[in-house]
Amino acid sequence: MTNTPLTRSEAKDLTRRRLIRAALRILDEEGEAGLTTVKVARAAGIAQSSFYVHFKDKQDLLRALGDEGGERLRRAMRESRRQAREAPTELESHRDTFRIPLEAISRHPELLRLQLRARHDPSSPLRDFALESAKAYRDHHAADLAALGYTADNERDRRRLEMIAEGINAATNALALGHLEGRYPELEEAVDVLVALSRGALRWLRSTQPGS
């Protein structure tokens, strides 16, 4: 049985994905300082000149890494939220909404470190990715709290919901970094804390609603 040859478009897409995977490995092992176009091309097993068919430069590659990582995380979070909505009393589904981002950060911690720096650096090629990821995560947890029974019917309630989601986002990043640094070795313990924060916030939100 013969293999069907790849089309030109498929071959180009495959090479691009090889470059992105190689860049992620280098980023994880050596950090941003070790990420060069020469190293990435060599690690992907392609000619240096071919790198520029897919990316203009290192900054363009960083943007692609951000887009790739952000889209994967958003897809996984959307799926976990869908499952939680379908089984709102299923604690494990709710825990997944916190476990998934912790695991994603643990797989590629340098992306988080780049993202946190990029949020405060207007010249960073990852700034749009950082801002979009923060918004997506904030929206995710606001929707998660709503799925647990909190309704935001006015501007004050929506603002409080967003503030709590922002806090959970910051806590997720802090606990993930603590896990990577060895201070919090058990990832499930970090999930426990995030679930407790989320549910505690939900109780507070409900207590501040009129008529409660």
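What comes next concerns the included structure. Every value quoted in this text rests on a predicted model; they were computed, and no experiment measured them.

**Topic: the nonpolar core**
For step 1, the next point in the chain: Judged by nonpolar contacts, the single largest core of 24 residues is most densely connected at Leu19, Leu35, Val40, Phe51, Phe55, Leu61 and Leu65.
For step 2, the next point in the chain: Contributions of two or more residues to this core are made by α1 (8-30), α2 (37-44), α4 (58-86), α6 (109-118) and α7 (127-147).
For step 3, the next point in the chain: In this structure, phenylalanine 55 is in contact with Arg16, Leu19, Ile20, Asp60, Leu61 and Ala64, ignoring residues within four places of it in sequence.
For step 4, the next point in the chain: Listed in part, the 22 residues of the second largest apolar core include Ala176, Leu187, Leu194 and Leu202.

**Description of the environment of histidine 140**
For step 1, the next point in the chain: Positionally, histidine 140 belongs in helix α7.
For step 2, the next point in the chain: Relative accessible area serves as the criterion here: at 1%, histidine 140 is assigned to the buried category.
For step 3, the next point in the chain: Linking histidine 140 and glutamate 162, residues 22 residues apart in sequence, is a C-alpha distance of 10.0 Å.

**Let's talk about the packing of aromatic side chains**
For step 1, the next point in the chain: Per the stated rule, a full pass over the model turns up two aromatic pairs.
For step 2, the next point in the chain: Ring geometry for phenylalanine 51 and tyrosine 52: centres 5.2 Å apart, planes at 80°, overall edge-to-face.
For step 3, the next point in the chain: Each ring, one from phenylalanine 51 and one from phenylalanine 55, has its centre 5.6 Å from the other, and the planes form 45°; the classification is tilted.
For step 4, the next point in the chain: Each member of the aromatic cluster is reached from another via a ring pair, and the members are Phe51, Tyr52 and Phe55.

**Quick notes on the side chain of arginine 95**
For step 1, the next point in the chain: In this structure, arginine 95 sits in helix α5 (residues 91-107).
For step 2, the next point in the chain: A relative accessible area of 11% means that arginine 95 is categorised as buried.
For step 3, the next point in the chain: In terms of polar contacts, arginine 95 uses its side chain to reach the side chain of glutamate 188, at 2.6 Å.
For step 4, the next point in the chain: In this structure arginine 95 touches Glu188, Val191, Asp192 and Val195, once residues within four positions along its chain are discounted.

**Comments concerning the pattern of salt bridges**
For step 1, the next point in the chain: On inspection of all chains with the given rule, the structure shows twelve salt bridges.
For step 2, the next point in the chain: Across the pair arginine 117 and glutamate 32 runs a salt bridge whose closest N-O atoms are separated by 3.2 Å. Linking arginine 117 in helix α6 with glutamate 32 in the loop between α1 and α2, this pair joins segments that are 85 residues apart in sequence.
For step 3, the next point in the chain: The partly exposed category is assigned to arginine 117, whose relative accessible area is 46%.
For step 4, the next point in the chain: Between arginine 63 and aspartate 60 there is a salt bridge; the shortest N-O distance is 3.9 Å. Of the two residues, arginine 63 and aspartate 60 are both situated in helix α4; the distance of three residues between them amounts to about one turn of the helix.

**Some points on the packing of helix α8 (residues 155-180) against helix α9 (residues 187-208)**
For step 1, the next point in the chain: The N-to-C vectors of α8 and α9 enclose an angle of 165°; their axes lie 10 Å apart at closest approach. One way to sum up the angle between α8 and α9 is to call them roughly antiparallel. Along this stretch, α8 crosses α9, giving a crossing that reads as right-handed. Across the interface between the two elements, Arg156, Arg160, Leu161, Ile164, Ile168, Ala171, Thr172, Leu175 and His179 from α8 touch Leu187, Ala190, Val193, Leu194, Leu197, Ser198, Ala201, Trp204, Leu205 and Thr208 from α9.

**Looking at α2**
For step 1, the next point in the chain: Within the span of α2, buried status applies to Thr37, Val40, Ala41 and Ala44. Angular distribution of buried residues about the axis of α2 spans 95°; they occupy a single face of the element.
For step 2, the next point in the chain: The positive-phi residue at the C-terminal boundary of α2 is glycine 45, with phi of around 75°.

**Remarks on the packing of α6 against α8**
For step 1, the next point in the chain: Two numbers describe how α6 lies on α8: the axes approach to 11 Å, and their chain directions differ by 135°. When the axes of α6 and α8 are compared, the pair comes out oblique. Two packed elements cross with a definite hand, and for α6 against α8 that hand is left-handed. Two secondary-structure elements touch here, α6 through Pro109, Leu112, Arg113 and Leu116 and α8 through Asn173, Leu177 and Leu180.
For step 2, the next point in the chain: Classifying every residue of the contact of α6 with α8 by side-chain character gives five nonpolar, one polar and one charged.

Reading the values: the criteria
- Residues numbered from 1 in each chain as written.
- Predicted model: local features only at pLDDT ≥ 70, side-chain atom pairs only at ≥ 80, totals over all residues.
- Heavy atoms only, no water.
- Core = buried A, V, L, I, M, F, W, Y, C linked by side-chain atoms within 4.5 Å.
- Buried < 20%, exposed > 50% of the residue type's maximum accessible area, 1.4 Å probe, protein only.
- Helix = DSSP H or I, 4+ residues; strand = E, 2+ residues; numbered from the N terminus.
- Contact = heavy atoms within 4.5 Å.
- Phe/Tyr/Trp six-rings, centres within 6.5 Å; stacked < 30°, edge-to-face > 60°.
- Polar contact = N/O pair within 3.5 Å; in protein donor to acceptor, adjacent residues only side chain to side chain.
- Salt bridge = Lys/Arg side-chain N within 4 Å of Asp/Glu carboxyl O.
- Axes fitted to C-alpha atoms, helices over the stretch in contact; angles between N-to-C directions.
- Parallel < 35°, antiparallel > 145°, perpendicular 65-115°, else oblique.
- Left-handed = near helix turned anticlockwise from the far one by under 90°.
- Arc of directions from axis to C-beta.
- Nonpolar A, V, L, I, M, F, W, Y, C, P; charged D, E, K, R; others polar.

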